[in-house]
Amino acid sequence: MPVKPHSKDLSSLFTEATKRRRNSPLKSLLKYMQADPTLLSLGAGLPHPDTFPFVSVTATVAEAGKSAVDATARRDDVSITARAPTAATEGLERFLQYGNGRGMLSYAKFAQEHTERVHSPIYDDWDVVVSAGNTDAFVKALMLFCQSGDTLIVDEWTYPAIIETVGPMNIGLAPVQMDGEGIVPAALDSLCANWSTAKGADVPRPRVAYMIPTAQNPTGATMSVQRKQAIYEIAKKHDLVIIEDDPYYYLQFGDYRPADETADPEDRYSDLPGVTGLIPSLLSMDTDGRVIRLDSFSKILAPGLRCGWITAPKYMTDKIQFHNETSVQQPAGLSQAIVSKLINESWGHEGWERHLVQIQRDYAMRRDRFVELCLKYLKGKVEFTVPSAGMFLWFRVLLNKDMQDRERAMQEVFESMIANHVLLVPGYMFSPLGATPEVLGKPFVRAAFSYASVDDFETAISRLAKALEPFTAG
């Protein structure tokens, strides 16, 4: 077996705060308690587990690969009990106790095994550290390399929470042109190559690029493997760290499948990618250790769990662990307990992967029905690219000539949608440039097919068509 290379040391790009970040002194003592079961600790200020009122916790879940609303699906109880550890998971009292910022061992172990199975990182010193979801993970990853006065490279349309996070931190945003696959490589290369000329030698060049490579929020764009390779080569050329925020990665479902009344519904979705057919991640092609990958259970189990993980070189995940220990500590113990028991024992890797196929099937069916209705009702009113993953359609509203010259055209469009009882998100909310007159005039809105009932899709889209009618030629 070939020996994997070591990651490149990028610690010179760390902020001064990151360089000074150290392990919590109290947390550092936990290793002695974990390593020596005969050790009697009079040092730990931990509440005694006998005072915890929780004897056991049980969640009833659908069998792997079945929907929770499927009446034919078997129901299984996932139970975790205090003082009853198993070979795969800790006892409940351990999940409810203080721990270090790396997360419970069984939870982190699954994340590590899953990352190896799906992404097989190329370098040898990669590791995982828990997060309380990808928004928390983004902040931790960002603060490794960015501080007040720095600039973060982003897509020209991006996730609003990123914009709102960096603003109070006095971190600027440098948007890069996008196409149907996300960031345009030539535009990214040009931005980096011409930074000092365009901004001045006294403005620090960006060290980090943030991107959502799968089902980008808001545009729904998904990068091909060739696009990812091009982006990665540019990152190497300009010594950029990439934050790969990929919460929709497992929501890949392929091309639009037009309705066919004669086809077997099972056959219609027999070619879903599952895990083995997913587009390779940026992490999977990272030879240097310059990709910080953010994964989350929010879109594939439930967002309220606030559970995820970060993959990066260990010297980076160590710093994130230390940051966790002075902030969130780790995801809530009850959440980690249920997730760990479910994926380590009840489902295992094979069951987990069957569950992911079920999620893909559900969103593929939603996407196909939504697109079918958009083609029926919105012809001549909007343009859009059919997404191959995720939850979103990004509409360009085809404003008629009179409306193209109106300064408040898109505000009037939004007001018309509300008056017609249908809500889409105005495009300007996703702009790193803010609500400037130029941005406010951009004729974009985002539609999500993830939340509304499929039975309500036709009503919603017909209402949208009516709302757009006064402003479009269609």
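Now for a look at the structure at hand. Computed from a predicted structure; not experimentally measured. (Residues numbered from 1 in each chain as written. Predicted model: local features only at pLDDT ≥ 70, side-chain atom pairs only at ≥ 80, totals over all residues. Heavy atoms only, no water.)

Digging into the overall build of the chain
Okay, step 1: Along the chain, the regular secondary structure elements total 17 helices and 15 strands.
Okay, step 2: With respect to the principal axes defined by its C-alpha atoms, the chain has extents near 80 × 65 × 45 Å.
Okay, step 3: Across the 474 residues in the chain, those meeting the buried criterion constitute 53%.
Okay, step 4: Entry remark: accessible area of the chain is about 21,600 Å², with carbon and sulfur atoms responsible for 54%.
Okay, step 5: Side-chain charges in the chain split into 49 positive and 58 negative, and the spacing between the mean points of these groups amounts to 3 Å. (Helix = DSSP H or I, 4+ residues; strand = E, 2+ residues; numbered from the N terminus. Buried < 20%, exposed > 50% of the residue type's maximum accessible area, 1.4 Å probe, protein only. Areas by Shrake-Rupley, 256 points an atom, 1.4 Å probe, with all protein chains shown as cover. Lys, Arg positive; Asp, Glu negative; His and termini not counted. Charge placed at Lys NZ, Arg CZ, Asp CG, Glu CD.)

Considerations on the packing of aromatic side chains
Okay, step 1: Evaluated as defined, the whole model comprises 17 aromatic pairs.
Okay, step 2: Their ring planes at 85 degrees and their centres at 5.1 Å tell us that Phe-370 and Phe-457 sit as a pair that is edge-to-face. Here Phe-370, found in helix α13 (residues 348-377), pairs with Phe-457, found in helix α17 (residues 457-468); they are 87 residues apart in sequence, far enough to count as distant. Assigned by exposure class, Phe-370 and Phe-457 land together as buried. (Phe/Tyr/Trp six-rings, centres within 6.5 Å; stacked < 30°, edge-to-face > 60°.)

A short note on the sheet that holds strand β12 (residues 382-383)
Okay, step 1: Pairing is antiparallel in the open sheet, where four strands are placed in the order β12-β13-β15-β14. Every other strand in the sheet has two partners, leaving β12 and β14 (425-426) as the edge strands with one partner each.
Okay, step 2: Relative to strand β15 (residues 444-448), β14 runs antiparallel, the two being bridged by two bridges. Among the inter-strand pairings, Pro-426 is bridged to a residue of β15, identified as Val-445.
Okay, step 3: This element, α13, spans β13 (392-397) and β15 of the sheet and lies at about 15 degrees to β13. (Pairing = 2+ DSSP bridges. Contact = heavy atoms within 4.5 Å. Axes fitted to C-alpha atoms, helices over the stretch in contact; angles between N-to-C directions.)

A closer look at the pairing of strand β9 (residues 241-245)
Okay, step 1: For β9, the buried fraction is high: five of the five residues fall into the buried class.
Okay, step 2: Covered by surrounding structure in β9 are Val-241, Ile-243 and Asp-245 together with Ile-242 and Glu-244, the residues of both alternating faces.
Okay, step 3: As defined by bridge partners, strand β8 (residues 208-211) adjoins β9 across four bridges and the pair is classed as parallel. Paired with Ala-209 across the two strands is Ile-242, which belongs to β9.

A few points about the nonpolar core
Most often, soluble globular proteins have nonpolar side chains that are buried together.
Okay, step 1: Formed by 125 residues in total, the largest nonpolar core has its most connected members in Leu-152, Ile-292 and Phe-395.
Okay, step 2: In terms of residue count, the dominant contributor to this core is α13 (nine residues).
Okay, step 3: Among residues more than four places away in sequence, those in contact with Leu-152 are Phe-138, Leu-142, Ile-162, Val-166, Ile-171, Gly-172, Leu-173, Ala-174, Val-208, Ala-209 and Tyr-210.
Okay, step 4: Counting residues in hydrophobic clusters, the runner-up holds five residues, among them Met-178, Trp-394, Phe-430 and Phe-444. (Core = buried A, V, L, I, M, F, W, Y, C linked by side-chain atoms within 4.5 Å.)

A word on unusual backbone geometry
For residues besides glycine, phi is generally negative; the peptide bonds are generally trans as well.
Okay, step 1: Going from Asn-217 to Pro-218, the amide bond is cis rather than trans, its omega being 25 degrees.
Okay, step 2: Here Ser-120, not a glycine, exhibits a phi torsion of approximately 40 degrees, which is positive.
Okay, step 3: Residues other than glycine seldom take positive phi values, yet Arg-306 does so here, at roughly 55 degrees.
Okay, step 4: Looking at where Arg-306 falls in the secondary structure, it is placed in the loop between β10 (291-296) and β11 (308-313).

Observations regarding a nonpolar patch on the surface
Okay, step 1: The grouping of Leu-26, Leu-29, Tyr-32, Met-33 and Leu-39 at the surface amounts to a nonpolar patch, some 490 Å² of accessible area in total.
Okay, step 2: Inspection of the secondary structure assignment puts Met-33 in helix α2 (residues 30-35). (Patch = residues over 30% accessible without salt bridge, like charges linked within 9 Å, V, L, I, M, F, W, Y side chains within 5 Å. Salt bridge = Lys/Arg side-chain N within 4 Å of Asp/Glu carboxyl O.)

Observations regarding helix α11 (residues 314-324)
Okay, step 1: A large share of α11 lies buried, amounting to nine of its eleven residues.
Okay, step 2: When α11 is considered as a whole, its buried residues turn out to be Met-316, Thr-317, Asp-318, Lys-319, Ile-320, Gln-321, Phe-322, His-323 and Asn-324.
Okay, step 3: Tucked into the core, α11 has its buried residues touching α1 (16-20), β3 (126-131), α5 (134-145), β10 and β11.

Things to note about the packing of α13 against α17
What describes two packed helices is the angle between their axes and the distance between those same axes.
Okay, step 1: Two elements in contact, α13 and α17, have axes separated by 10 Å at closest approach and are oriented at 35 degrees. The two elements α13 and α17 cross, and the hand of that crossing is right-handed. Counted together, Arg-366, Arg-369, Phe-370, Leu-373, Cys-374, Lys-376 and Tyr-377 of α13 and Phe-457, Glu-458, Ile-461, Ser-462 and Ala-465 of α17 form the full contact between these two elements.
Okay, step 2: Considered class by class, the residues forming the contact of α13 with α17 number seven nonpolar, one polar and four charged. (Left-handed = near helix turned anticlockwise from the far one by under 90°. Nonpolar A, V, L, I, M, F, W, Y, C, P; charged D, E, K, R; others polar.)

Structural notes on the pattern of salt bridges
Opposite charge on two side chains lets them pair, provided their charged atoms get close.
Okay, step 1: Tallying each qualifying case throughout the model produces 28 salt bridges.
Okay, step 2: The shortest N-O distance in the salt bridge between Lys-314 and Asp-318 comes to 3.0 Å. Here Lys-314 and its partner Asp-318 are both found in helix α11, four residues apart, which amounts to about one turn of the helix.
Okay, step 3: Among the charged side chains, a network of salt bridges with common partners joins Arg-102, Asp-127, Lys-314 and Asp-318.

Regarding the side chain of Glu-412
Okay, step 1: Relative to the assigned elements, Glu-412 resides in helix α15 (residues 409-419).
Okay, step 2: Those residues in contact with Glu-412 that lie beyond four places of it in its chain are Met-403, Arg-406 and Phe-471.

Points about the environment of Arg-257
Okay, step 1: Within the secondary structure, Arg-257 sits in the loop between β9 and α10 (265-268).
Okay, step 2: Along the primary structure Arg-257 and Arg-102 are separated by 155 residues, whereas in three dimensions their C-alpha atoms are 42 Å apart.
Okay, step 3: At 2.8 Å, the side chain of Arg-257 forms a polar contact with the backbone oxygen of Phe-253. (Polar contact = N/O pair within 3.5 Å; in protein donor to acceptor, adjacent residues only side chain to side chain.)

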